[in-house]
Amino acid sequence: MKFRTRRTMLYIPGNNPGMLQLADIFGADAVLFDLEDSVAPNEKDAARDLIANMIRFREYENIEITVRINPIDTPYFDRDVKEIIASGNLDAIRLPKANSAKDVKALEKLINKYEEEFKIEPGSIKIHPMIETAIGVIQSYEIASSSDRIDAITIGGQDLTANMGVSKTKEGKEILWARSQVVMSAKAANVDVIDTIFADINDEEGLIEETRLIKSLGFTGKAVINPRQIKPIHAVFAPSKDEVEWAFEVIDAYEKALKEGRGVIAVRGKMIDPPVRKRAQRIAGMAYLMEQE
Amino acid sequence: MKNKLGVKLPDHIDGIGKILPYKGPFARVRGLKKEGLTTTGVKMRSSLPGKKKVFKDLKKVIELSGLKDGGTISFHHHLRNGDFLLMNVMKVLDEMGFKDLILSPSSLTSAHQGIVDYVRKGVVKRICTSGLRGELGKFISKGNMEIPVVIRSHGGRARAIKSGDVKIDVAFIGAPSSDREGNLNGVRGPSACGSLGYAMVDAEYADCVIAVTDHLVDYPNTPISIPQYQVDYIVLTDKLGNPDKIGSGSTRLTTNPVDHIIAEKAAKLIFNSGYFGNGMTFQTGAGGASLAVAKYVADIMEAKGVVGSYAIGGISSYIVDIYKRGLFKKMFDVQSFDKGVVSSLLNNEDHLEISADFYANPFNSGAIINNLDVVVLAAYEIDTDFNVNVLVDSHGYAQGASGGHSDTSAAAKLTVIVAPSFRARIPTLVDRVNTIITPGETVDILVTERGIAVNPKRKDLLENFKGKGLNIIDICDLKKKVDKITLKPRMVEFGDKICGLIEYRDGTIIDTIDQVIE
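Rules behind the numbers
Just so you know, the residues in each chain are numbered from 1, in the order the chain's sequence is written. Both sets of labels track the order of writing: A upward for chains, 1 upward for ligands. The model is predicted, so local features are restricted to residues of pLDDT at least 70 and side-chain atom pairs to those at 80 or more, both for listing and for counting; the totals for chains, interfaces and linings are taken over all residues. Numbering of helices and strands runs from the N terminus; a helix is a DSSP stretch of H or I covering at least four residues, while a strand is a stretch of E covering at least two. Buried means a residue has 20 or more other C-beta atoms within 10 Å of its own C-beta, exposed means 12 or fewer, and partly exposed covers the counts in between; C-beta atoms are placed from the backbone. In this description, a residue-residue contact is defined by the distance between C-beta atoms placed from the backbone, which must lie within 7 Å. Throughout, the ten residues Ala, Val, Leu, Ile, Met, Phe, Trp, Tyr, Cys and Pro are labelled nonpolar, Asp, Glu, Lys and Arg are labelled charged, and all others, Gly among them, are labelled polar. By the convention used here, strands pair only if DSSP detects at least 2 bridges between them. Every crossover in which the path from the first strand over the helix to the second runs clockwise, viewed with the strands pointing away from the viewer, is termed right-handed. By our criterion, buried Ala, Val, Leu, Ile, Met, Phe, Trp, Tyr and Cys residues that link up through C-beta atoms within 7 Å make up a nonpolar core. Domain start and stop points were drawn from an automatic or database domain assignment. Inter-axis angles, ranging from 0 to 180 degrees, are taken between N-to-C directions of lines fitted to C-alpha atoms, where helices are fitted over the stretch in contact.

1. Regarding the overall build of chain B
Here's step 1: Each helix and strand counted, chain B has 17 helices and 29 strands in total.
Here's step 2: Overall, chain B is about 70 × 55 × 45 Å in size when its C-alpha atoms are taken along their principal axes.
Here's step 3: Taking all 518 residues of chain B together, 56% fall into the buried category.
Here's step 4: Across chain B, the fraction of contacts at a sequence separation of at least 24, relative to all contacts at a separation of at least 6, is 74%.

2. As for the interface of chain B and chain A
Here's step 1: Contacts between the two partners involve seven residues from chain B, matched on the other side by nine residues from chain A.
Here's step 2: It is helix 10 (residues 257-272) of chain B that contributes the most residues to the side of chain B that touches chain A, three residues altogether.
Here's step 3: By residue class, the composition of the side of chain B that touches chain A is four nonpolar, one polar and two charged.

3. Brief notes about the pairing of strand 15 (residues 308-315) of chain B
Residue and element names in this part refer to chain B.
Here's step 1: For strand 15, the tally of buried residues reaches seven of eight residues, placing the bulk of the element in the interior.
Here's step 2: Pairing geometry for strand 14 (residues 282-284) and strand 15, over two bridges, is parallel. Each bridged residue has a counterpart across the sheet, and for Gln283 the counterpart in strand 15 is Ile312.
Here's step 3: As a crossover connection, the stretch from strand 14 through helix 11 (residues 288-304) into strand 15 is right-handed.
Here's step 4: Alignment of strand 15 against strand 16 (residues 328-336), held across seven bridges, turns out to be parallel. Bridge pairing in strand 16 places Gly314 opposite Gln335.

4. Describing the sheet that holds strand 19 (residues 381-383) of chain B
Residue and element names in this part refer to chain B.
Here's step 1: An order of 20-19-25 is seen for the three strands of this open sheet, with the pairing classed as mixed. For this open sheet the edge positions go to strand 20 (388-389) and strand 25 (429-430), each flanked by a neighbour on one side alone.
Here's step 2: Here strand 19 runs beside strand 25; their pairing, made up of two bridges, is parallel. In the sheet register, Asp383 faces strand 25, and the bridge partner there is Val430.

5. Observations regarding the pairing of strand 26 (residues 445-448) of chain B
Residues and elements named next belong to chain B.
Here's step 1: Burial along strand 26 is two-sided: the face carrying Ile445 and Val447 and the face carrying Leu446 and Thr448 are both buried.
Here's step 2: Summarising the sheet, strand 22 (residues 414-418) and strand 26 pair through three bridges and their orientation is parallel. The residue bridging Ile417 from the neighbouring strand is Leu446, located in strand 26.
Here's step 3: Both strand 26 and strand 27 (residues 451-454) contribute to a ladder of four bridges, which runs antiparallel. By the bridge assignment for strand 27, Ile445 is matched with Val454.

6. Things to note about the nonpolar core
Here's step 1: Leu10 of chain A together with Ile173, Ile210, Ala266, Val416, Ile417 and Val418 of chain B are the most contacted members of the largest nonpolar core, which totals 234 residues.
Here's step 2: If near-sequence neighbours (up to four positions away) are discounted, Ile417 of chain B is found in contact with Leu377, Ala379, Ile382, Val388, Val443, Ile445, Leu446 and Val447 of chain B.

7. A word on the domain arrangement of chain B
Bring the parts together and some accessible area is lost; that lost area is often taken as the interface size.
Residues and elements named next belong to chain B.
Here's step 1: When the domains of chain B are assigned, the result is domain 1 (53-246) and domain 2 (257-491).
Here's step 2: Counting residues at the interface gives 30 residues for domain 1 and 32 residues for domain 2.
Here's step 3: Residue assignment for the side of domain 1 that touches domain 2 shows that the elements contributing at least two residues are strand 7 (131-132), helix 6 (134-141), helix 7 (154-163) and helix 8 (197-205).
Here's step 4: In terms of residue count, helix 7 provides more of the side of domain 1 that touches domain 2 than any other element does, seven residues in total.
Here's step 5: Of the residues in the side of domain 1 that touches domain 2, the class split is 10 nonpolar, 14 polar and six charged.

8. Quick look at the sheet that holds strand 18 (residues 374-377) of chain B
Residue and element names in this part refer to chain B.
Here's step 1: The eight strands are arranged 17-16-15-14-18-22-26-27 in an open sheet whose pairing can be described as mixed. Edge positions in the sheet fall to strand 17 (351-353) and strand 27, since each of these pairs with one other strand and no more. On average, each strand axis in the sheet is inclined to that of its neighbour by 20°, with strand direction left out of account.
Here's step 2: In this structure, strand 18 lies alongside strand 22, joined through four bridges in parallel fashion. Bridge assignment links Val375 to a residue of strand 22, and that residue is Thr415.
Here's step 3: Here helix 11 sits on the sheet in contact with strand 14, strand 15, strand 18 and strand 22, set at roughly 145° to strand 14.
Here's step 4: Across the sheet, helix 17 (residues 475-486) lies against strand 26 and strand 27, angled at about 150° from strand 27, the strand it touches most.

Here it is, written out as structure tokens:
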């Protein structure tokens, strides 16, 4: 089984061909080609063409390809969805300003249509709603559970603080509640949950501190705006040696129990139930990735 | 005839003479004893006690030097893009009516584009250099000089001067500081540039040495990089160069993430190569990914508690910082890359100034690079035989420098080339480089952002790298991967005229600069 994780999702402006072609060399788990905030209105069409063709022809290696499209209430929404699905090699669409389940449903409908039109495997393209308004935070569980296509939700700190009428600080106290709420919704819906960006690319210590915080809150990954931010984040998400050993013990014990037809197993004196086993598999997968890096 | 790398060469070129074909990196070095060469004599000079050496008038001194039409004049390039001296001297020589001179500087920079005019006027007939840039490089690559330019490595130039292949009639030495007798150094004065390593060879073997300075100090001027007994005249000038362009305050590490990806991989390779450990010796380039390799290697050294023997080459303040962290015991400095280095060279007894001869000459009894473990170098182009081009750009114009590239590649136990697999859609990795500066048989590893290739002749390295998660692939497969992205660019068209000869460090000809057809 291929283990996929989203510790880091690297934003790349959609109108920057030099950066687009480099997307898969920095070791990010996923790339986030952006058509929204980093692309000026008069560049939207060119960026959309560029991204679609880049995905179509460039054969990126070992990286999840996602695109942040323009929000539902913009004139670019439909064409964004159509053109990038037509590219044929898309993994997920990030939907900015997802305020309700209705928004997700609208995108889902379009994806259904274009998957069929371009003969893409039905249901293969995922949706990553971006929670970045107060109403979105409040309705985050409804959003997260609104479609089978959703396998991650994300939080957007800049827009959210703007919507709340406060400034975004480095400490991030103002979005602590929102972060916690979004994590809880994601856990309840059983999907990944990705944190917002850390804006100061020169502050590695600050980045590490924030990543520790969001990891402890339950986030499974973080969006990044500079390749330099990838390594420190992966280091924070890396399991400890003891965790890895424990994970392999759990997996071994489970396989042994399966062979012997036993139902209940224990490792290090503690009972192992399915959620614990799942966690162990995740840690083992992470350890494998770290070794590759 | 063809040389070992299949490059077609004439037996003889008018104005240059007999052409020796390249036969392998150490073929001539091994057979040198049989050749029985001797170092040519330098014209004996004498000096009566009390003789006045300091002059204000450059013209007068040039008259005294005995320079004639067709003579060879030399300069150093330690003042880099800030150098005023070379162009000032050319102006005076033109005014004095000199013709057909052989211009033989250690290299040429963007400060020297005006040479084109003096070639057109017939003041300069031939050029020997390490590098060519800007309009001058284009002018030459278009076939505008009758006699091909000769490109030499730093070690190769020292060899050529010492052996008499290049006989310098008058060496003009830009001296950031001098006393009245001509004791020179590069570590004092407004035009301080650090090491005078290239100029040391000129001072030793020229028939006449003219030092030009904007900073005359009380006798004796110490430290003495070039001693008074080699200096015939001292000429005072207002400004030797533009300090802002001689060098920046300090060399900063690249912020380009691709450079960092490459550098990190290269450091990991070096760590696993078998050459990493206490007492290791190390050289790296001055910028981009190659300097960044120094950062990552230093970090690993620190983490593992390893202390190297020496760092060598062009020294930048970044290397000085690594020394200060206690990671190398000494620094050998043939050329200082920024002003931060100057005070270190002046004040630190572990920071040693060396000549180009000492640095890299293959025809002496032991250059420092002969003990070099690891060198990290850049490339404009590299081919599937690992041959490297650092001179001719993708348009076919000479826009770079041979420098110490082929010297250190030949000598070092491990030669690592770091380069992005393509730049602005132009692939770096090609079937055959435009112009070979460094032969592939002296190159061990290519590190790009998309994969690492090891020269198949280095089976020992391939063995060391096994199971280290280093993603090593065959260079031809790496090329295919890159070609798929860039597609094949249209090749530059070249004519038959030879515009330049690439002289290997041992004096044989390894390749040519061919005429660009526009």
